Amino acid sequence: MDNKTTKKSFNFNYLSVVLIYIWAFAFLMWTPKIKDPGSRLFPVMISIFAIVLATILLLKTYFKWGKQEEISFAGGKMAMLMAVFLVVYVAAIEVVGFYLATPFYLYLTMRVLGQKNKKLMLAISVLMTLGVFLFFDLLLGMEIPEGLLLPMFLG
């Protein structure tokens, strides 16, 4: 008697579907807080679109429609490191403000991703931040997060 069992590998598409559903429904629950009905339309449309696509992925995976693709986690460590950098960046924006946190974040992420030209990294970091300032702050008049420390130093 041969009692070898074949271990079936976990299909990460199911996990993806669950996470997309959670994100989309959380987004849908959050949108009523937006006062302007016109501004609510886009987030609702994106959430519904995500739910439809997740459902298609679920059906395609369950019924094995079309080509089934293998998911590779070869770059998983780098993705997790970049996620940590992003969380630290968002926290830094709250403390020191967007205009101080952004150049450091851009420079560090370019360095970690393999860019070696320090002049180019510095130029991109400064010019992108300056571009955001010119477009959003000066041209559009939008308020960019100043953080907790910047108002203390400026008065």
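Every value quoted in this text rests on a predicted model; they were computed, and no experiment measured them.

## Considering the overall build of the protein chain
Turning to step 1, where the next piece is worked out: A tally of helices and strands in the protein chain yields 6 helices and 0 strands.
Turning to step 2, where the next piece is worked out: Starting at the N terminus and ending at the C terminus, the protein chain contains elements arranged as α-α-α-α-α-α.
Turning to step 3, where the next piece is worked out: In the protein chain, buried positions account for 18% of the 155 residues.
Turning to step 4, where the next piece is worked out: Look at the contacts in the protein chain between residues 6 or more apart in sequence, and 56% of them connect residues 24 or more apart.
Turning to step 5, where the next piece is worked out: Accessible area for the protein chain stands at about 12,500 Å²; split by element, carbon and sulfur atoms hold 73% of it.

## Concerning a nonpolar patch on the surface
Turning to step 1, where the next piece is worked out: Nonpolar side chains collect at one region of the surface, where Phe10, Phe12, Tyr14, Leu15, Val18, Leu19, Ile22, Leu59, Tyr62, Phe63 and Trp65 lie side by side and expose about 1,100 Å² of accessible area between them.
Turning to step 2, where the next piece is worked out: Breaking the nonpolar patch down by element, the ones donating at least two residues are α1 (12–30) and α2 (37–62).
Turning to step 3, where the next piece is worked out: Relative to the elements of secondary structure, Val18 occurs in helix α1.
Turning to step 4, where the next piece is worked out: By relative accessible area, which is 45% here, Val18 ends up partly exposed.

## Quick notes on the side chain of Ser125
Turning to step 1, where the next piece is worked out: You can see Ser125 is positioned in helix α5 (residues 118–139).
Turning to step 2, where the next piece is worked out: According to the relative accessible area criterion, Ser125 is buried, its value standing at 2%.
Turning to step 3, where the next piece is worked out: One polar contact links the side chain of Ser125 to the main-chain carbonyl oxygen of Met121, over a distance of 2.8 Å.
Turning to step 4, where the next piece is worked out: Here Ser125 is in contact with Pro103, Leu106, Tyr107 and Met110, once residues within four sequence places are set aside.

## Some points on the confidence of the model for the protein chain
Turning to step 1, where the next piece is worked out: Taken residue by residue, the protein chain gives an average pLDDT of 86. The fraction at 70 or more is 88%.
Turning to step 2, where the next piece is worked out: Averaged pLDDT values for the elements of the protein chain fall to 67 in helix α6 (residues 149–154) and rise to 95 in helix α4 (residues 98–112).

## Considering the environment of Gly97
Turning to step 1, where the next piece is worked out: Structurally, the position occupied by Gly97 is in the loop between α3 (76–96) and α4.
Turning to step 2, where the next piece is worked out: Expressed as a C-alpha distance, the spacing of Gly97 and Ile144, which sit 47 residues apart in the sequence, is 8.1 Å.
Turning to step 3, where the next piece is worked out: Beyond its immediate chain neighbours, meaning those up to four positions away, Gly97 contacts Ala92, Pro145, Glu146 and Gly147.

## A closer look at α4
Turning to step 1, where the next piece is worked out: If you check α4, its first and last C-alpha atoms are 21 Å apart, about what 15 residues at 1.5 Å a residue would give, namely 21 Å.
Turning to step 2, where the next piece is worked out: All of the buried residues along α4 are Phe98, Ala101, Thr102, Pro103, Thr109 and Met110.
Turning to step 3, where the next piece is worked out: At its buried positions, α4 is contacted by α3 and α5.
Turning to step 4, where the next piece is worked out: At the C-terminal side of α4, Gly114 shows a positive phi close to 110 degrees.

## Here's the deal with unusual backbone geometry
Turning to step 1, where the next piece is worked out: The phi torsion at Lys64 lies on the positive side, around 55 degrees, for a residue other than glycine.
Turning to step 2, where the next piece is worked out: In this structure, Lys64 sits in the loop between α2 and α3.

Thresholds, definitions, all that
Residues numbered from 1 in each chain as written. Predicted model: local features only at pLDDT ≥ 70, side-chain atom pairs only at ≥ 80, totals over all residues. Heavy atoms only, no water. Helix = DSSP H or I, 4+ residues; strand = E, 2+ residues; numbered from the N terminus. Buried < 20%, exposed > 50% of the residue type's maximum accessible area, 1.4 Å probe, protein only. Contact = heavy atoms within 4.5 Å. Areas by Shrake-Rupley, 256 points an atom, 1.4 Å probe, with all protein chains shown as cover. Patch = residues over 30% accessible without salt bridge, like charges linked within 9 Å, V, L, I, M, F, W, Y side chains within 5 Å. Salt bridge = Lys/Arg side-chain N within 4 Å of Asp/Glu carboxyl O. Polar contact = N/O pair within 3.5 Å; in protein donor to acceptor, adjacent residues only side chain to side chain. pLDDT = per-residue confidence, 0-100. Expected span 1.5 Å × (residues − 1).

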